Every structure is written in C-alpha cells, then in structure tokens.
Amino acid sequence: RFIIDKLLEQGFACGWIRYRTEVELGYNDGGKLIKDQRQGREMFNRSPLEYEDEISIIEAIKKYQEVDEEKIGLLGMSHAGEMILKLTSEYHGVRAAVASEPAAHEFLALNPDESVSINPETQLRDIESMQMQSVDKVRKRINMQIALERIRSIETPLFIMGRDQDELQGIFRVSYDLLSEQKKNVIWKSYDHDLHGFVYPVLGSENNYIVNEVQEEAINDVISFFKKHLSQ
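Read on for a plain summary of the structure. (Residues numbered from 1 in each chain as written. Predicted model: local features only at pLDDT ≥ 70, side-chain atom pairs only at ≥ 80, totals over all residues. Heavy atoms only, no water.)

Hydrogen bonding along the main chain pairs the strands of a sheet, whether they run parallel or antiparallel. With parallel pairing, 4 strands are arranged side by side in an open sheet as S3-S4-S7-S8. Edge positions in the sheet fall to strand S3 (73-77) and strand S8 (186-191), since each has one partner strand and no second. Taking the axes of each pair of neighbouring strands and ignoring which way they run, one obtains an average angle of 15° across the sheet. Bridging between strand S4 (residues 96-100) and strand S7 (residues 158-163) involves 4 bridges; their strand directions are parallel. Each bridged residue has a counterpart across the sheet, and for Ala-99 the counterpart in S7 is Ile-160. Packed on one face of the sheet, helix H4 (residues 79-90) meets S3, S4 and S7 and runs near 135° to S3. Strands in contact with helix H7 (residues 169-181) are S7 and S8; relative to S8, the strand with the most contacts, it is inclined by about 160°. (Pairing = 2+ DSSP bridges. Helix = DSSP H or I, 4+ residues; strand = E, 2+ residues; numbered from the N terminus. Axes fitted to C-alpha atoms, helices over the stretch in contact; angles between N-to-C directions. Contact = heavy atoms within 4.5 Å.)

Here it is in structure tokens:
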C-alpha cells in the first residue's frame, strides 16, 4: 500500500492486480496462445498463463472512460517483473513498465545449475535457493538465441531494478544488458538493501511502514520514470 499511496499523491490512478497461479515452464512449453470460438464462447488451444491474465486486465482497464488507454504503466517485482518481460515481448499496449528484481530465468531460457533441486513428491523444480549472482555464469547458462528472439520484439520503455546482494542479481543484470545491447529503451539501477521486494515496504507491528532511505530513493526513481513516460 505504501508505494500505491505515493503514486496516488503524484496524481496517478493505481490498481493492484491478482492473477492465476504460476505454471512450471508453462511459458516455455505451452506455445503461443491461440484463440477461437465455439458455440459463441471462447475456445483456446491451452489454458491462459498468468502474464496473459495481466494482458486481459490491462485491456479491461482501458475500457473505463476515466482511463487514458495510451498511458498505462506497470510495476512488477520478482516473478511479476519477469511477467512484464514476457508481456511486453508480445503485447505493445503499455506505455512504460518497471521490472523490479525480475526473476527472468524462464524468459531468458536459463538452464539451472545444481543449486536447483527437484521436489521428489511433485517432480517440480525448487528454485528458491538458486544462485545466479554472476553475470558471466548467467550468460553461459541461457539459451541466447531464444532470449534474444523474445527481447527483440519488446517496444515498451523499461526500468530494470536490481538488488546488489540478491542471489539472482546476475539474472537481473543480464536482462538489462541484453535489452541494452538490442538498443531497447531501457535503464538500470541497482540498490543496496537486504529485503527481496524492497520496492514494497513491509508493514510493521504498529501498523507503520518500515521504510529506509534506499527504499525512498527507489520509489522516487519509479515515480520519476512514470512521470517521464506517462506525462507525455
């Protein structure tokens, strides 16, 4: 709520969205979503994924007469930051977006190392302890051809936010580097904070938000980025 209040104070209308559960490798394995009709209702070749829910929400918001459909911005952290990369790779209906600590391993087609294990009960990957701090390590483990194919179609101005000591900092930085190398409209800044998700301050026990100078700087940077791109 803290960052929403800050954005509201600057005159932005804000919404907090919810989306369906993440599907393990659904983005890599599912293929393009194809839409058709049967008996007057929608017919898909597969179930929609969470980032496609986000696209649907954006399209629904644009139908409100109070909303300028040309001035929609997005802020997403961690997996939601990766969703922004997936979304902007195939959808161009957003003016600008901030991907904070984007856990973009699937988007970059990264082959995990031994720090990722398989849950024996579900056979799904446990990536909570994945160690990808090094840019060189990440570059060696991604499928560059797939990653660049996805990045080349991005048209939306992006702000990639890193966190200096994050175990996935290499992924955050490579996401920015590849965008920059492809001459995309992108900026980068990394912050020294001990909380994954620092852009969303935590509510303390006395109902006050716990915010330090680094978080205030990061939130001001988000606001400045949106002012630049949404006020045009």
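It is worth spelling out the pairing of S4 at this point. Counting buried residues along S4, 5 of its 5 residues qualify, which places the element largely inside the surrounding structure. Both faces of S4 are covered, namely the face carrying Ala-96, Val-98 and Ser-100 and the face carrying Ala-97 and Ala-99. Between S3 and its parallel partner S4, the chain crosses via H4, and the hand of that crossover is right-handed. (Buried < 20%, exposed > 50% of the residue type's maximum accessible area, 1.4 Å probe, protein only. Right-handed = clockwise from strand over helix to strand, strands pointing away.)

A few words now on the pattern of salt bridges. Under the definition given, this model contains 14 salt bridges. The partner of Glu-106 in a salt bridge is Lys-86, and the shortest N-O contact between them spans 3.0 Å. Placement of Glu-106 in the loop between S4 and strand S5 (117-118) and of Lys-86 in helix H4 is noted, with a sequence separation of 20 residues between them. Note on Glu-106: relative accessible area 5%, which makes it buried. A salt bridge links Glu-217 to Lys-189; its shortest N-O distance comes to 2.7 Å. Note that Glu-217 is positioned in helix H8 (residues 213-230) and Lys-189 in strand S8, a separation of 28 residues in sequence. Judged by relative accessible area, which is 36%, Glu-217 ranks as partly exposed. If you follow the salt bridges from partner to partner, you end up with Glu-82, Lys-86 and Glu-106 in one network. (Salt bridge = Lys/Arg side-chain N within 4 Å of Asp/Glu carboxyl O.)

The interhelical angle for the contact between helix H3 (residues 50-61) and H4, taken along N-to-C directions, is 70°, at an axis separation of 9 Å. In terms of orientation, H3 and H4 fall into the roughly perpendicular class. Note that H3 runs across H4; the crossing there is right-handed. Across from Glu-50, Tyr-51, Glu-52, Glu-54, Ile-55 and Ile-58 in H3, the residues of H4 making contact are His-79, Met-83, Lys-86, Leu-87 and Glu-90. Residue composition of the contact of H3 with H4, grouped by class: 5 nonpolar, 1 polar and 5 charged. (Parallel < 35°, antiparallel > 145°, perpendicular 65-115°, else oblique. Left-handed = near helix turned anticlockwise from the far one by under 90°. Nonpolar A, V, L, I, M, F, W, Y, C, P; charged D, E, K, R; others polar.)

Here we come to the environment of Ser-129. With respect to the element layout, Ser-129 can be found in the loop between strand S6 (125-126) and helix H5 (135-141). Exposure remark for Ser-129: the relative accessible area of 47% places this residue in the partly exposed category.

Here the focus is the side chain of Lys-86. Residue classification places Lys-86 among the buried residues on the basis of a relative accessible area of 2%. Apart from the residues lying within four places of it in its own chain, the contact partners of Lys-86 are Tyr-27, Glu-50, Tyr-51, His-79, Glu-106 and Phe-107.

Let's shift gears to the packing of helix H1 (residues 2-9) against H8. Where H1 contacts H8, the two axes come as close as 11 Å, and the packing angle between them is 40°. The pairing of H1 with H8 is recorded here as oblique in orientation. Helix-helix and strand crossings are classified by hand; for H1 and H8 the assignment is right-handed. For the pair H1 and H8, the contacting residues are Phe-2, Ile-3, Lys-6 and Leu-7 in the first and Ile-219, Ile-223 and Phe-226 in the second. Tallied by class, residues from the contact of H1 with H8 come to 6 nonpolar, no polar and 1 charged.

So, about the nonpolar core. Judged by nonpolar contacts, the single largest core of 39 residues is most densely connected at Leu-108, Leu-158 and Ile-171. Elements supplying a minimum of two residues to this core: H3, H4, S4, helix H6 (144-152), S7 and H7. Of all the elements, H7 adds the most residues to this core, at 6 residues. Setting aside anything within four residues of it in sequence, one finds Ile-171 in contact with Pro-102, Ala-103, Ala-104, His-105, Leu-108, Leu-110, Met-130, Met-132 and Val-138. Residues Ile-3, Ala-96, Met-161 and Tyr-191 belong to the second largest nonpolar core, which totals 20 residues. (Core = buried A, V, L, I, M, F, W, Y, C linked by side-chain atoms within 4.5 Å.)

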